[in-house]
Amino acid sequence: MKKALIVGIDDYEAQPLSGCVNDAVALANTLEKNGDGSPNFSIRLLASNETNVSSAVLGEAISELFSGDADTVLLYFAGHGIINPDTNAGYIVSQNGSKGSWGVSLSEILSLANKAYPRIKSTV
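Quick caveat, the model's predicted, so the values are computed rather than measured. (Residues numbered from 1 in each chain as written. Predicted model: local features only at pLDDT ≥ 70, side-chain atom pairs only at ≥ 80, totals over all residues. Heavy atoms only, no water.)

Colleague: I keep staring at the sheet that holds strand β3 (residues 72–78) and nothing clicks. Help me out?
Modeller: Strand pairing in a sheet takes place through backbone hydrogen bonds and is either antiparallel or parallel in direction. Within the open sheet, the three strands sit side by side as β2-β1-β3. Their pairing is parallel. Two strands close off the open sheet at either side, each with one partner strand: β2 (42–47) and β3. Mean inter-strand twist for the sheet, computed between neighbouring axes without regard to direction, equals 10°. As paired strands, strand β1 (residues 2–8) and β3 are joined by seven bridges and run parallel to one another. Bridging across to β3, I6 finds its partner in Y76. Packed on one face of the sheet, helix α1 (residues 20–32) meets β1, β2 and β3 and runs near 165° to β1. Along the sheet face, helix α2 (residues 55–65) touches β1, β2 and β3 and points at about 165° away from the line of β1. (Pairing = 2+ DSSP bridges. Helix = DSSP H or I, 4+ residues; strand = E, 2+ residues; numbered from the N terminus. Axes fitted to C-alpha atoms, helices over the stretch in contact; angles between N-to-C directions. Contact = heavy atoms within 4.5 Å.)

In structure tokens:
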């Protein structure tokens, strides 16, 4: 099984973007089926034009992505990112992200991915 979380956020209150939702939708459509029409990835799409992609929603979706069994997982994020200059920590910024609470840290994402790795069965 292959699963993907595709996130696109245009609707930031202070610094809106354009194109992130379109990119996320296009990628989700591309990954959902193989060229022959057979199923490819099981897709969960979070787009700011349909969902408020808060820190809680984003964090829960990422945790869910790396839980359970899957041969392959893919996380795609189109939106703001930031590196905190005081801590050198990187974050993907949720719609409600603000100083001190940006969204989901890259270290948290990597930790979830690393914890998921032992569940992957090698075919080699």
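Colleague: Is there a simple way to think about the pairing of strand β6 (residues 101–105) in this case?
Modeller: Note: strand β5 (residues 89–98) against β6, four bridges, orientation antiparallel. Paired with V93 across the two strands is G103, which belongs to β6. Taking the residues that link successive antiparallel strands as the turn, the β5-β6 hairpin has two residues, and the phi of G100 there is positive, at about 90°.

Colleague: I would appreciate a short explanation of the sheet that holds β5 in the present structure.
Modeller: A sheet is described by the order of its strands in space; here three strands give the open sequence β4-β5-β6, paired in antiparallel fashion. Each having just a single partner strand, β4 (81–84) and β6 make up the two edges of the open sheet. Here the average twist between neighbouring strands, direction ignored, is 55°. Direction of pairing for β4 relative to β5: antiparallel, over a ladder of four bridges. Following the sheet pairing, I83 is matched in β5 by G90. Its contacts with the sheet put α2 on β5 and β6, and the angle it makes with β6 is roughly 5°. Here helix α3 (residues 106–116) sits on the sheet and contacts β5 and β6; the angle it forms with β6, its principal contact strand, is near 25°.

Colleague: Can you walk me through unusual backbone geometry in this structure?
Modeller: Negative phi characterises most residues that are not glycine, and trans characterises most peptide bonds. Positioned with a positive phi, N88 is a non-glycine residue whose angle comes to about 60°. By secondary structure assignment, the location of N88 is in the loop between β4 and β5.

Colleague: Looking at this structure, I do not really get the nonpolar core. What am I missing?
Modeller: For soluble globular proteins, the rule of thumb is that nonpolar side chains tend to be buried together. One finds L5, V7, L58, I62, F77 and I92 to be the most contacted residues of the largest nonpolar core, which totals 17 residues. Per element, the largest residue contribution to this core is four residues, and it comes from α2. When neighbours within four sequence positions are excluded, V7 is seen to be in contact with A24, L46, V53, L58, Y76, F77 and A78. (Core = buried A, V, L, I, M, F, W, Y, C linked by side-chain atoms within 4.5 Å. Buried < 20%, exposed > 50% of the residue type's maximum accessible area, 1.4 Å probe, protein only.)

Colleague: Even after reading the chapter, I still don't get the environment of I82, so can you show me in this structure?
Modeller: Inspection of the secondary structure assignment puts I82 in strand β4. Distance from I82 to W102, taken between C-alpha atoms, is 8.0 Å for residues 20 residues apart in sequence. Ignoring any residue separated from it by four or fewer positions in sequence, one finds I82 in contact with A89, G90, Y91, V93 and W102.

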